[in-house]
Amino acid sequence: MKNTEIRNAFVNYFKKNGHTYVSSSSLIPENDPTLLFTNAGMNQFKNCFLGLEKRDYTKAVTSQKCVRAGGKHNDLDNVGFTARHHTFFEMLGNFSFGDYFKKDAIKFAWEFLTVELKIPKEKLYVTVFLDDDEAADIWHKQEGVPKNRIFRLGEKDNFWRMGDVGPCGPCSEIFYDHGPDFGKIADPFESIKAGEDRYVEIWNLVFMQYEETAPGKMTPLPKPSVDTGSGFERLTAAVQDCWNNYNTDLFQEIIIAGLTKAGSKLVYPDMIKWERANIKTLNSDAKLSEEQKLKFEELTAVRVLADHCRSTSFLLAAGATPSNEGRGYVLRRIMRRAIRYGRKISMDKSLLLPMSEALIGAMSDFYPELKDRKDHILSTIRDEEARFAQTLDNGTVIFQEEIKKLKTSNQKAISGETIFKLYDTYGFPVDLTALMAAELGFTVDEAGFEKVMQASKEKAKSSWKAKSLQADEKHVIEFGQTHSKNPTKFIGYDHLISKSKVLALSNGSKEVTSLKTGETGYVILDQTPFYAEGGGQAGDKGLLLSPSLEVQVYDCIKQGSVFLHQVEVANGEIKVNDSLNGHVESKERRQTASNHSATHLMHSALRLVLGTHVTQAGSLVDSSKTRFDFTHNKPVTADEIKKIEELVNAEISHAHTVQVENLSHKAAIDKGAMALFGEKYGDEVRVLTMGQPILEPSHKPFSIELCGGTHVHNTAEIRAFKVISESGVSAGIRRIEAITGDAVIELFMKNTDEVKQARLATGISSDKSIVEWIEAKKDEVKDLQKQIKKAQSGQINVDEIAKSAQTFAGDAKYVFADVALDDRDVLAQITDQLKNKIQKGIVIVMGSGEATHPVIISVSKDLTSQFQAGTLLKDFAQVLGGKGGGRPDFAQGAVPDRSKINEANKVVQTKLGIQ
């Protein structure tokens, strides 16, 4: 049976037995911040098992996409080296929510394996929990499994818990026997306990029959449930009689396509035959020959690539983007690990890209998101490969230098400082450095790395300057916590003025009873109209007033449920228990609200124009602009920005009322509201809805987001929207800055005036294009510059300089020229002319500038194996206090000191053997 037939057979079997098919949930959990990635089939049914959610079915069947490559469940280091570990895998599962229990769960599993898939019963073994006599009896009496094939294991292996408390229960596992060649232990029970590759678990049946209210304290559930999981890759290996998952048709097609497109001489079926012939040696402790080591390394490399192209493609399709933190960093680790393994097969051709393309072709029928996102997936892989290639070679040099030092000093661990340098400067994930070290018999000092990393973070933190009041950060936190029993009532959604009472005061370093004219500090009120900084929106500014008092509010921040107003007393004295009026600066608030609402519209427009992989990665909204960071792996084009602006301005012009609702978190998600990973949401959330469905009534409105910020009441209040900049923040993260309202009108008026003045200054009529006129003038300037450079170059007598060439290394010639020019283009032309004159040799041209002086070195290609331009430049420039770099045949740099030119020239002559 082909893998697609096995998956379809599983789904159809359970549908035939009354189960509802539920499609795979996203690899990025939508409403479970406890998970980095979806890592089990039951994730999407978690609330059903907890009794928090009821659906219109009690039996379900799924094929769930899963990733285990970070956090508690991490198989990354084992991938490629074992027969059954993967970063991406599919979990086939059937579930009962208070419907059937052990008898039917066991019957379904056994019947599907032995009848539908025709797996021989003598190939299967079963484990049950130590005390689960009921399950053991069902296996023996109902299904006829001999008692000597039913093994009992303890809590570690055969008891499942959702957490410290909650649903739990015993489980029963089914193992497939791959045969005696794949294990060292003859006894099946002992081999299973040892985790050998001979006996592989292909199905796990979890019987949720208890509620654990405290550790060890369990009571029976009134409606027990069933959660099962069958690893699709392992099951396919059993059905296709493959001892290794990577030998199934799930992987072979991908591997063969990758090797073929990379032009590799490796033939995967032949590699499998070699492995089979040497399996006993590979599974033993015997020392491998050099040839065996090489073949095993090649086999491991192609399997790592085959696995990693799956997790890479599916994560990119789910909206993940390679970055340096969170999910994006896990993805980057996987991709860079694959790229590095690809180098073991081909130094100049990508294997990750063709393997990913083959995967998309093979799995799109069942997972159409792969085909829908194909262009994005492949372009992201290309970008990441290009980005890593720039640093991989240089980083490898640093790594090799460190290994040399360790060998010299007879040490075994790469230092934390070196690991951090490889991570921070060259983009090497820590586990990649660890892998490279292990291949050479070395280890890494991960604790040292963490120490250096923490020191770097602290240094970055200490360089940040507070934007307003100088205060003791620890005191401010404690000040807020001290008064947390009296949470501030926020009335600012509906009012910009409040009657408030002063509950507490601080001068920034200690709590006080009053603040006088000129003093700064923090004020806690019983209720406030001031929005506290949060969700990317800046805090409100304004005044606290009474007949004898004026206090300037510069910002408002939040500690837990307490609002801290950052203030300076302009006139009078503010005391604890004073009654006063709070006034939010209305224009600032209005402009901030306008920018914030526009941000929501822009977020939706970005997803419509660029794709649904776009998610918020950070934001800052204040009265002057909105700054929005988002996941996207390439610059946003001018045409795309224009489309985004048109979409947002269209929504503004439609003058839609902004709807605000307070809903349960689940109701908000069900409505289609966008929740952000890592954000903490309470039981009740505030939902902002803007715009009408963009295609048809059945579609969701233009924008629905969870947000606690302040917003306009109608989109027309935004007036206008304009993007003012687009840039890259880090790999995979772009930033857009935009303005709204008055700022757009001011920009429009300014640009209109400037265009008018430009026409007057240049004499360009209104029917002519200013841009075309400028481009024409730029071409004229370029032509003039070329003429100037040609004239400068012509002033130098190249023939005369070439006559001074000195002979070295047989018939090679060395020329040194000191030229009174600082234009590098002209100097490069002179260098080329001299090299053409001497044909074979080395040319150094020294220029003359103001603060620094340019140096160019060129080496003919037939000499680069003996003399590298970069090395010669380093030696030459060092004498003159400068530096530079380049290719083996061409390098350039700059030096501050010309006084030792002869000495520098002598250093090079000596190196060339010229007396």
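Residues numbered from 1 in each chain as written. Predicted model: local features only at pLDDT ≥ 70, side-chain atom pairs only at ≥ 80, totals over all residues. Heavy atoms only, no water.

Colleague: Report on the nonpolar core, specifying residues and quantitative values.
Modeller: If you look at the biggest cluster of nonpolar residues, it comprises 114 residues, and the most contacted ones within it are F112, L113, I119, W139, W203, L235 and Y268. Here the element with the most residues in this core is helix 11 (residues 290-318); it accounts for 11 residues. (Core = buried A, V, L, I, M, F, W, Y, C linked by side-chain atoms within 4.5 Å. Buried < 20%, exposed > 50% of the residue type's maximum accessible area, 1.4 Å probe, protein only. Helix = DSSP H or I, 4+ residues; strand = E, 2+ residues; numbered from the N terminus.)

Colleague: Explain the pattern of salt bridges to me, using residue names and the numbers behind them.
Modeller: Within the structure shown, the criterion is met by 40 salt bridges. For the salt bridge of K65 with E369, the shortest nitrogen-to-oxygen distance reads 2.5 Å. A residue pair is termed long-range when its members are at least 10 positions apart, and K65 in strand 2 (residues 59-67) and E369 in helix 14 (residues 369-372) qualify at 304 residues. Judged by relative accessible area, K65 falls into the buried class, the value being 9%. As a salt-bridge pair, K837 and D799 come within 2.5 Å of each other at their nearest N and O atoms. On the criterion of sequence distance, the pair formed by K837 in helix 26 (residues 824-838) and D799 in helix 25 (residues 798-802) is long-range, its members being 38 residues apart. What makes D799 partly exposed here is its relative accessible area of 43%. Overlapping salt bridges bring together R332, R336, E384 and R387 as one network. (Salt bridge = Lys/Arg side-chain N within 4 Å of Asp/Glu carboxyl O.)

Colleague: Account for the side chain of S594, naming residues and giving values.
Modeller: Structurally, S594 can be placed in helix 20 (residues 586-610). Under the relative-accessibility criterion, S594 is labelled buried at 5%. Within the structure, S594 has its side chain in polar contact with the side chain of T740 (distance 2.8 Å). Not counting the four nearest positions on each side in its chain, S594 is found in contact with V712, E717, I718 and T740. (Polar contact = N/O pair within 3.5 Å; in protein donor to acceptor, adjacent residues only side chain to side chain. Contact = heavy atoms within 4.5 Å.)

Colleague: Give a description of the sheet that holds strand 34 (residues 841-846) that names residues and reports values.
Modeller: Strand order in the open sheet formed by 6 strands is 32-33-34-35-37-36, with mixed pairing between adjacent strands. Sheet topology places strand 32 (806-808) and strand 36 (883-886) at the edges, where each strand pairs with a single neighbour. Averaged over all neighbouring strand pairs, the angle between strand axes comes to 15 degrees, with direction disregarded. Seen against the sheet, helix 28 (residues 901-912) touches strand 32, strand 33 (812-818) and strand 34 and runs at an angle of roughly 170 degrees to strand 33. (Pairing = 2+ DSSP bridges. Axes fitted to C-alpha atoms, helices over the stretch in contact; angles between N-to-C directions.)

Colleague: I'd like a rundown of the sheet that holds strand 25 (residues 616-621), residues and numbers included.
Modeller: Strand order in the open sheet formed by 4 strands is 25-26-31-30, and the pairing between neighbours is antiparallel. With one partner strand each, in any of the chains shown, strand 25 and strand 30 (721-730) form the two edges of the open sheet. For this sheet, the mean angle separating the axes of adjacent strands, direction not counted, is 15 degrees. Both strand 30 and strand 31 (residues 733-740) contribute to a ladder of 8 bridges, which runs antiparallel. Residue pairing for strand 31: F721 is matched across the bridge by T740. On top of the sheet, helix 23 (residues 742-762) reaches strand 30 and strand 31; it is set at about 85 degrees to strand 31, its chief contact.

Colleague: I'd like a rundown of the pairing of strand 33, residues and numbers included.
Modeller: In terms of residue burial, strand 33 counts as a mostly covered element, since 5 of its 7 residues are buried. Of the strand pairs in this sheet, strand 32 and strand 33 are connected by 3 bridges, and their pairing is antiparallel. In the sheet register, Q806 faces strand 33, and the bridge partner there is Y814. Adjacent in sequence and paired antiparallel, strand 32 and strand 33 are bridged by 3 residues, among which A809 carries a positive phi angle near 45 degrees. Here strand 33 runs beside strand 34; their pairing, made up of 6 bridges, is parallel. Residue pairing in the sheet places D818 in a bridge with M846 of strand 34. The handedness of the strand 33 to strand 34 crossover, carried by helix 26, is right-handed. (Right-handed = clockwise from strand over helix to strand, strands pointing away.)

Colleague: Give a detailed account of a nonpolar patch on the surface, specifying residues and quantitative values.
Modeller: Together, I745, F748 and M749 make up a nonpolar patch on the protein surface, roughly 310 Å² of accessible area in all. Here M749 lies in helix 23. (Patch = residues over 30% accessible without salt bridge, like charges linked within 9 Å, V, L, I, M, F, W, Y side chains within 5 Å. Areas by Shrake-Rupley, 256 points an atom, 1.4 Å probe, with all protein chains shown as cover.)

Colleague: So what's going on with the packing of helix 8 (residues 249-261) against helix 9 (residues 268-277)? Which residues, and what values?
Modeller: Two measures define how a pair of helices packs: the angle their axes make with one another and the distance between the axes. At a minimum axis separation of 9 Å, helix 8 and helix 9 run at an interaxial angle of 120 degrees. Classified by the angle between their axes, helix 8 and helix 9 sit oblique to one another. Only Y268, P269 and I272 of helix 9 make contact with helix 8, whose side of the interface consists of Q252, I255, I256 and L259. Of the residues in the contact of helix 8 with helix 9, the class split is 6 nonpolar, 1 polar and no charged. (Parallel < 35°, antiparallel > 145°, perpendicular 65-115°, else oblique. Nonpolar A, V, L, I, M, F, W, Y, C, P; charged D, E, K, R; others polar.)

Colleague: Tell me about the packing of aromatic side chains, and name the residues and values.
Modeller: Taken as a whole, this structure holds 37 aromatic pairs when the rule is applied. A centroid spacing of 5.0 Å and a plane angle of 85 degrees characterise the contact between F366 and Y367, whose relative ring orientation is edge-to-face. In textbook terms, an aromatic cluster arises when at least three aromatic residues are bridged by ring pairs, as seen for F10, Y13, F14, Y100, F108, F112 and W203. R276 extends its terminal NZ or CZ atom over the ring of W243, reaching a point 5.6 Å from the ring centre. Over the aromatic face of Y493 sits the side chain of R686, whose NZ or CZ is 3.6 Å from the ring centroid. (Phe/Tyr/Trp six-rings, centres within 6.5 Å; stacked < 30°, edge-to-face > 60°. Lys NZ or Arg CZ within 6 Å of the ring centre and 35° of its normal.)

Colleague: Please provide a residue-by-residue account of helix 8, values included.
Modeller: Spanning 13 residues, helix 8 covers 18 Å between terminal C-alpha atoms, matching the ideal 18 Å at 1.5 Å per step. Inspection of helix 8 places L250, F251, I254, I255, G258 and L259 among the buried residues, and these make up the whole buried set. Taken end-on, helix 8 shows its buried residues confined to a sector of 125 degrees, consistent with a single buried face. Turned more than 90 degrees away from the buried face of helix 8 sit T260 and K261, all of them exposed. The secondary structure elements touched by the buried residues of helix 8 are helix 1 (3-16), helix 7 (232-239), helix 9, helix 11 and helix 13 (352-363). Positive phi shows up at G263, right after helix 8, with a value of about 70 degrees. (Expected span 1.5 Å × (residues − 1). Arc of directions from axis to C-beta.)

Colleague: Could you give me a rundown of a negative patch on the surface, with the residues and numbers involved?
Modeller: Residues D77, E417, D445, E446 and E450 make up a contiguous surface patch of negative charge. Along the chain, E417 turns up in helix 16 (residues 416-424). (Lys, Arg positive; Asp, Glu negative; His and termini not counted. Charge placed at Lys NZ, Arg CZ, Asp CG, Glu CD.)

Colleague: Explain helix 4 (residues 133-142) to me, and be specific about the residues and the numbers.
Modeller: Every buried residue of helix 4 is listed here: A135, A136, I138 and W139. Buried residues in helix 4, looked at end-on, bunch into an arc of 160 degrees, giving them a common side. Where helix 4 is buried, its residues meet helix 3 (102-116), strand 6 (124-129), strand 7 (150-153), strand 9 (166-177) and strand 10 (199-214). After helix 4 finishes, the residue G144 shows a positive phi value of roughly 75 degrees.

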